[in-house]
Amino acid sequence: MAKKNRRKYWLLGLLLLLIIAIAAVYFKNKNKPKGIAITTEEVVKRTIIEKVSASGKVFPETEIKISSDVSGEIVELYVEEGDSVVIGQVLAKIDPEAFKSAVDRGRATVNNSKAQVALSKSQIQSNIAQKEQIIAQLQNAKNIHNRNEKLLQDGVISPQDFEQSESNLQALQANLRAAEASIQSAEQSAEGAEYSVQSAEASLKELQTNLNRTTIKAPATGVVSSLSVEQGERVVGTIQMTGTEMMRIANLSAMEVQVDVSENDILRVSLGDSVDIEVDAYLDKIFRGTITEIANSASNITTAGMSLNSDQVTNFIVKIRIDPRSYQDLVRKGIEFPFRPGMSASVDIYTHKEDNVLTVPIQAVTTREEEAVDDRDAELLEVVFLMEADTARMVEVTTGIQDDDYIIINSGLEEGQEIITGPYTAVSKSIEQGSEVRIKEEKENKEDE
């Protein structure tokens, strides 16, 4: 009997606990606030600065690649990487012995050609003298022939003697013509010898130039930013092919950042736009810059033409000059050249600015599908939700540029209106026209955190 009573009391206690739990849940749900918990913010006027972010590398604005024009062994190397050089300074020497021998042969060829010119000119003089001698003989033969012609008429000489004098006269005339031809030939030979001299002198000049090119000089003032060779190495000259790059000279006083900007952003970027630059080597420091060059062609165009793969990202190279005034403090600390080629950098390009414009947080703007009318397809509308009492009212808006946090509202809202800004899932999906809403309590915010 006692066992039955204990079981009865135990069942009654369990039933009582169940009733209490059900009542607690009921009263909790009854007292729970109604509506979607939201956060709000007023529409206010701000200054919005639109920017494009990109990353890239630091480069000198001017960097000259130096290669040897002639091939040979490096017998002298006068600089090391990091050395400062001035224009005209000797940097290295290529073994000149073979080029000196070539110059000597070229000089001998010039002298030989000049000797040929002198010989030709002396031959001209000899032929001229011979012509003058023939002219004198011809004049004497003419006089004799004229006398013989009169003597023949008087019967003093025989016809055979007259014919002999006439034959002598004709022979001398032929000799005169031959002498004139010899003079002309000698003059042409002398002219050809002159051309040979000019050709030999041009060849000698070229050989001398090649000899001079064995001495590598700095084409500009700057710093040896890269040194690719060592003394004793052989280099290939650019006369034969591309040639061996020996070193690079850069002006580290004028540096730029080259960044890749996507095709979606490149049209918003303009020459002269101001830029904030962050270099990984300098933490928490921002340098200033200005856009100086924007590529007209994408950086991923191949030599065969544009890649037709639409999945490939298309970027354009933008060059940004670093303002020296923004790193003068580093120079004053003793860092003569704060930037080195190849340093990583990220930039914010300020493309557009609008002052005193209506703005809302970016997350407050969402999209909803417009109701289809007749046969017209439904379109997506940009909307925000106003909080009016405990109800959400959907308002269509048009937007402008944005920064990291806020977006411009061109139409649809007025200053001071209270708009729903969060949570994101509620704004983007849950809330509709007429939805019941309430301000999220502080303890709910802590729970979300």
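A short note on the packing of aromatic side chains
Scanning the model with the defined rule gives four aromatic pairs in all. Look at tyrosine 282 and phenylalanine 339: their rings are 6.0 Å apart centre to centre, the planes differ by 75 degrees, and that puts the pair in the edge-to-face class. Of this pair, tyrosine 282 sits in the loop between strand S12 (274-279) and strand S13 (287-294) while phenylalanine 339 is found in the loop between helix H4 (328-332) and strand S15 (344-361), placing the two residues 57 residues apart along the sequence. Judged by its relative accessible area of 16%, tyrosine 282 is buried. Classification of phenylalanine 339 as buried rests on a relative accessible area of 1%. Between phenylalanine 287 and phenylalanine 339, the aromatic rings sit 5.0 Å apart at their centres with planes inclined by 80 degrees, giving edge-to-face as the arrangement. Of the two residues, phenylalanine 287 is situated in strand S13 and phenylalanine 339 in the loop between H4 and S15; the sequence distance between them amounts to 52 residues. Like phenylalanine 339, phenylalanine 287 is buried. One residue, arginine 46, lies across the ring of tyrosine 406, its end atom 3.6 Å from the ring centre.

Concerning the nonpolar core
Core analysis: the largest hydrophobic core is formed by 30 residues, its most contacted members being Ile277 and Phe339. Breaking this core down by element, the ones donating at least two residues are strand S2 (44-60), strand S11 (255-262), S12, S13, strand S14 (315-322) and S15. Ignoring any residue separated from it by four or fewer positions in sequence, one finds isoleucine 277 in contact with Val257, Lys285, Ile286, Phe287, Arg288, Gly289, Ile320, Ile322, Ala345, Ser346 and Val347. One finds Ile66, Val70, Leu204 and Met247 within the second-largest nonpolar core, a separate group that totals 23 residues.

Things to note about the sheet that holds strand S3 (residues 63-67)
Pairing in this open sheet of four strands is antiparallel, and the strands run S3-S10-S8-S5 from one edge to the other. The open sheet has two free edges, formed respectively by S3 and strand S5 (84-85), since each of these has just one partner strand. Across two bridges, S5 lies against strand S8 (residues 222-227) in antiparallel orientation. Each bridged residue has a counterpart across the sheet, and for valine 85 the counterpart in S8 is glycine 222.

About the thresholds
Every chain's residues receive numbers from 1 upward, in the order its sequence appears when written. Side-chain atom pairs in this predicted model are given and counted only at pLDDT of 80 or more, local residue features only at pLDDT of at least 70, and totals for whole chains, interfaces and linings cover all residues. Side-chain figures throughout are based on the complete set of non-hydrogen atoms in the structure, without hydrogens or water. Only rings of Phe, Tyr and Trp enter the pairing, Trp through its six-membered ring, and a pair is recorded when the two centres are within 6.5 Å. The plane angle decides the type: under 30 degrees is stacked, over 60 is edge-to-face, the rest tilted. Helix and strand definitions follow DSSP, with helices as H or I runs of at least four residues and strands as E runs of at least two, each counted in order from the N terminus. Buried, partly exposed and exposed residues are distinguished by accessible area as a fraction of the type maximum, computed with a 1.4 Å probe on protein chains only: under 20%, between the cut-offs, and over 50%, respectively. As a reminder, the over-ring test applies to NZ of lysine and CZ of arginine, requiring each to be within 6 Å of the ring centre and within 35 degrees of the ring normal. As used in this record, nonpolar core signifies buried Ala, Val, Leu, Ile, Met, Phe, Trp, Tyr and Cys residues forming a set joined through side-chain atoms within 4.5 Å. Contacts between residues were defined by any pair of non-hydrogen atoms, one from each residue, lying within 4.5 Å. Between any two strands, at least two bridges found by DSSP are needed for them to pair.

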